[in-house]
Amino acid sequence: MIKLMMKPILALFVYSYAFAAIGQTWEVDYAHAVKMAKEDNKTLVVVFSGSDWCAPCIKLDREIWQSEYVKSNNNEQFIFYKADFPRKKVNRLSADKADTNAALAARLNPRGHFPLVVVLDADGNATGALGYKKISPQNYFEQLNRLVP
């Protein structure tokens, strides 16, 4: 039984590692994302998403973040953090992660727009934001780059 479970887990690990190597990397801890952005002199991008209920969020993920353009272009100037707000019980976040995301939303997304892609400067201040747009990934990243301080 354990041997059968290891194959999917190993496959998921390999897939995640490969995706990180060829596309943008999503930091899972906000404090670590801030630290990495400062250490690597990169721009921090916070993506507010309702991954299991928000249709435009799902479209943004499929059309932009999972695109071949993003997978083949490392977009090395960015550190990405997804502040997710899932509603389904099966997708529930840990209490710490939910609290972190709620605090980020209070500071950076007080109107509760979803999706909202916020670009931050080195001090953690928002320099601009984008929502979902039905445009190519290349055009989306051109607009994202215009928000970089």
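Now for a quick tour of the structure. Quick caveat: nothing in here was measured; it's all calculated off a predicted structure. (Residues numbered from 1 in each chain as written. Predicted model: local features only at pLDDT ≥ 70, side-chain atom pairs only at ≥ 80, totals over all residues. Heavy atoms only, no water.)

On to the overall build of the protein chain. Scanning the protein chain from N- to C-terminus turns up 6 helices and 5 strands. Along the chain direction, N to C, the helices and strands of the protein chain fall in the order α-β-α-β-α-α-β-α-β-β-α. Split into buried and exposed, the 149 residues of the protein chain put 35% on the buried side. Relative to all contacts within the protein chain whose residues are 6 or more apart in sequence, the contacts with residues 24 or more apart total 67%. Accessible surface, the protein chain: about 9,200 Å² in total, of which carbon and sulfur atoms supply 57%. (Helix = DSSP H or I, 4+ residues; strand = E, 2+ residues; numbered from the N terminus. Buried < 20%, exposed > 50% of the residue type's maximum accessible area, 1.4 Å probe, protein only. Contact = heavy atoms within 4.5 Å. Areas by Shrake-Rupley, 256 points an atom, 1.4 Å probe, with all protein chains shown as cover.)

The next thing to look at is the sheet that holds strand 3 (residues 78-84). One open sheet accounts for 5 strands, arranged 1-3-2-4-5; its pairing is mixed. Across the chains shown, the open sheet's two edge strands, defined by having one partner strand only, are strand 1 (26-27) and strand 5 (126-130). When strand 4 (residues 116-120) meets strand 5, the two strands line up antiparallel, connected through 4 bridges. Of the residues in strand 5, the one forming a bridge with Val117 is Leu130. (Pairing = 2+ DSSP bridges.)

Here the focus is the packing of helix 3 (residues 55-65) against helix 6 (residues 137-146). Between helix 3 and helix 6, the shortest axis-to-axis distance is 9 Å and the interhelical angle comes to 100°. The orientation of helix 3 relative to helix 6 falls into the category roughly perpendicular. Every residue of helix 6 that contacts helix 3 at Leu60, Glu63, Ile64 and Trp65 is listed here: Pro137, Tyr140 and Phe141. (Axes fitted to C-alpha atoms, helices over the stretch in contact; angles between N-to-C directions. Parallel < 35°, antiparallel > 145°, perpendicular 65-115°, else oblique.)

So, on to the pattern of salt bridges. In total, this model carries 3 salt bridges according to the counting rule given. The partner of Lys35 in a salt bridge is Glu39, and the shortest N-O contact between them spans 3.9 Å. Within this pair, Lys35 and its partner Glu39 are both found in helix 2 (residues 30-40), separated by 4 residues, close to a single helical turn. Note that Lys82 is salt-bridged to Asp61, the shortest N-O span being 3.7 Å. (Salt bridge = Lys/Arg side-chain N within 4 Å of Asp/Glu carboxyl O.)

Applying the stated criterion across every chain yields a total of 13 aromatic pairs. A centroid spacing of 5.4 Å and a plane angle of 70° characterise the contact between Tyr30 and Tyr81, whose relative ring orientation is edge-to-face. Here Tyr30 is found in helix 2, whereas its partner Tyr81 is found in strand 3, with 51 residues between them in sequence. Comparing Tyr30 with Tyr81, the two get one shared label, buried. Residues Phe48 and Phe85 carry aromatic rings whose centres are separated by 6.5 Å and whose planes lie at 20° to one another, so their mutual orientation is stacked. One end of the pair, Phe48, is in strand 2 (residues 43-49); the other, Phe85, is in the loop between strand 3 and helix 5 (95-108), and 37 residues separate them in sequence. Residue Phe85 is classed as partly exposed on the basis of its relative accessible area, which comes to 23%. Each residue in the set Trp26, Trp65, Tyr69, Phe78, Phe80, Tyr140 and Phe141 is aromatic and connected to the rest through ring pairs, giving one cluster. We note Lys82 situated over the ring of Trp26; from NZ or CZ to the ring centre the distance is 5.0 Å. In this structure, Arg87 is placed above the aromatic ring of Trp53, and the distance from its NZ or CZ to the ring centre is 3.7 Å. (Phe/Tyr/Trp six-rings, centres within 6.5 Å; stacked < 30°, edge-to-face > 60°. Lys NZ or Arg CZ within 6 Å of the ring centre and 35° of its normal.)

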